[in-house]
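Below are the chains, spelled out letter by letter.
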Amino acid sequence: MHSRRRTGRGWAVLDRWSQQGAQLAGALLVARLIGPQAFGTAALVLLALTFLQGLLLDGLTDAVLRRQRLTRGGLATAVWASALAGLLVLALLAAAAAAAAAATGTAAGPGFMTLLLLGALSLPATGPAAVLDGLARRQQRFRLLALRGVLAHGPAWGLAVLLAAWGQGALAMVAAQATLRWLELALLVAGLGLPRPRITRPDLVRLLRDAADGTAMKITGFLVLQAERVLIGTLAGPAALGLYGLARRLVDNLVFALAGVAGPLLFRDLSRLPPGAAADPLRRQAGLLALAAAPAFLGLAVVAGPLLAALLGPAWADAAALLPLLALGGLFTALAWLLIAALRALGGGGEAVRTNLLLAFVKITAVLLALPQGLTAVAWVDPACALLGLGLWAGRLHRLCPALPRAALAAAWSPLLLAAGMAALVAALARLLPDHLPPAAALTLLIGAGIGLYTLGLRLTGLAAGPLRS
């Protein structure tokens, strides 16, 4: 059983990392080719799609995972009802685009509504793919999920890079999103099969009830994580959103690659445990997450300047001031995701939604106040709100079981201190480097120094031994 759990964890890591790695590499290549303005336009379209997916479909994975007994009728209802919901939204968007074109007297061009409609072609596939994703996780088919990540993301982002090279701008990223969702669905159907078309009212009612918590979390989480991007895109324009969104994408990819693995694994482990038995699994996952996340985010903050200069060129130089602040917020967010997973798995879903609403209100207010001062001021809001959120989530979990946040803090504290020391030494080294050193050489030197220092610290302290043995 222990060996099987480790194997499942390995495939889950490969699944998440293959997705995030392909997304990150593709986004960087596309960003370099299309520039901040087009990148920001695409980001605004994808934000709208993310909200629609959270509103309609994204609670389905958790609903399938948490169902004590999943019948064939329930599975078929989830797959086909979500597909119909996606088709309905697509039809409504098409009608809105046609009405807008008629009102302006022009055919649909490469504007926001046209790009949104193209991206919405993914919606009929997104819901069924989410259901089958939940089924695969329920059956612990992590190898299938990992292969899905590898085989779907590579072609989709390859298409994006090709379109960007042909000068298609924002269209490149939006087309990649639509292609990706259909490829994911096709691969999951190939591995799991597709249930016969069937929708029953009792199963639909149960599905909506079970998905409500996950959907509410997705929507409020969208407000917490994405509100500043929406406000920047609408109030400051696509170019500003391009700069900010690129920096956020780098951070978000790390959050999803690390906490996106640890959170679902912890959710699965704790879903059928009483709160009193949850401390040990939470301690193990918090230790592993901190060992990986602390050096990753703090290291990203230190090498932000040479990283962006080496990978993207001078057009993106203004993002270098934003990335260190967002990376610090990403570290707090990754740790908070683990506490959220524990809270929801142990029956605190209502508390989680209310906390997200509070955080969303605070962050939106702070961003509106900071936006007139510039993007750097907005970037300061992110770590401040993320740290506030981490404290709130710890407090909510403490009310459920006081031992749980203490267990997480005890496991995470030492890796955080060690990584902070590593980052301080690397930052000092960066100040000593000559100005004429090429960015790629400086980046290689700083990353190598960081890895060496952190590895040495782990060996001297023995920090990695306990969590890795678990």
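These figures come from a predicted structure and were not determined experimentally. (Residues numbered from 1 in each chain as written. Predicted model: local features only at pLDDT ≥ 70, side-chain atom pairs only at ≥ 80, totals over all residues. Heavy atoms only, no water.)

A.B. asks: For this particular structure, what's the right way to read the pattern of salt bridges?
C.D. replies: Oppositely charged side chains are able to pair whenever their charged atoms sit close together. Counted under the stated rule, the structure contains 10 salt bridges. Overlapping salt bridges bring together Glu228, Arg229, Arg248, Asp252, Lys363 and Asp382 as one network. (Salt bridge = Lys/Arg side-chain N within 4 Å of Asp/Glu carboxyl O.)

A.B. asks: What should I look at first to understand the side chain of Lys363 in this one?
C.D. replies: Secondary-structure assignment places Lys363 in helix H13 (residues 349-370). Given a relative accessible area of 4%, Lys363 falls into the buried group. Filtering out sequence-adjacent residues up to four positions away, Lys363 remains in contact with Val224, Leu225, Glu228, Arg248, Val381, Asp382 and Cys385. (Helix = DSSP H or I, 4+ residues; strand = E, 2+ residues; numbered from the N terminus. Buried < 20%, exposed > 50% of the residue type's maximum accessible area, 1.4 Å probe, protein only. Contact = heavy atoms within 4.5 Å.)

A.B. asks: Whenever I open this one, the packing of aromatic side chains confuses me. Can you help?
C.D. replies: When we look at a pair of aromatic rings, we describe it by the centre distance and by the angle of the planes. For the structure on display, the rule yields two aromatic pairs. Between the aromatic rings of Phe39 and Trp316, the centroid separation amounts to 5.6 Å while the plane-to-plane angle is 90 degrees, which identifies the pairing as edge-to-face. Here Phe39 is found in helix H1 (residues 2-56), whereas its partner Trp316 is found in the loop between helix H11 (304-311) and helix H12 (323-345), with 277 residues between them in sequence. Here the two residues Phe39 and Trp316 agree in accessibility, since each one is buried. Pairing Phe256 with Trp337 gives two aromatic rings, centres 5.1 Å apart and planes at 70 degrees, and the pair type is edge-to-face. One end of the pair, Phe256, is in helix H9 (residues 238-270); the other, Trp337, is in helix H12, and 81 residues separate them in sequence. Owing to a relative accessible area of 31%, Phe256 belongs among the partly exposed residues under this scheme. (Phe/Tyr/Trp six-rings, centres within 6.5 Å; stacked < 30°, edge-to-face > 60°.)

A.B. asks: Can you walk me through the packing of H9 against H12 in this structure?
C.D. replies: Helix-helix packing is characterised by the crossing angle of the two axes and by the distance between the axes. Close contact between H9 and H12 brings their axes to 8 Å; oriented N to C, the two are set at 20 degrees. Taken as axis vectors, H9 and H12 run roughly parallel relative to one another. Relative to H12, H9 is oriented so that their crossing is right-handed. Residue composition of the contact of H9 with H12, grouped by class: 20 nonpolar, four polar and two charged. (Axes fitted to C-alpha atoms, helices over the stretch in contact; angles between N-to-C directions. Parallel < 35°, antiparallel > 145°, perpendicular 65-115°, else oblique. Left-handed = near helix turned anticlockwise from the far one by under 90°. Nonpolar A, V, L, I, M, F, W, Y, C, P; charged D, E, K, R; others polar.)

A.B. asks: Looking at this structure, I do not really get a nonpolar patch on the surface. What am I missing?
C.D. replies: Judged by side-chain polarity, Leu14, Leu147, Val150 and Leu151 come together as a nonpolar surface patch covering roughly 340 Å² of accessible area. Structurally, Leu14 is set in helix H1. A residue is classified by how much of its surface remains accessible, and Leu14, at 37% relative accessible area, is partly exposed. (Patch = residues over 30% accessible without salt bridge, like charges linked within 9 Å, V, L, I, M, F, W, Y side chains within 5 Å. Areas by Shrake-Rupley, 256 points an atom, 1.4 Å probe, with all protein chains shown as cover.)

A.B. asks: How should I be thinking about the environment of Leu311 in this particular structure?
C.D. replies: Tracing the chain through its elements places Leu311 in helix H11. Using a relative accessible area of 38% as the deciding quantity, one classes Leu311 as partly exposed. Separated by 282 residues in sequence, Leu311 and Leu29 place their C-alpha atoms 8.4 Å apart. Residues contacting Leu311, with those up to four places away along its chain left out, are Leu28 and Arg32.

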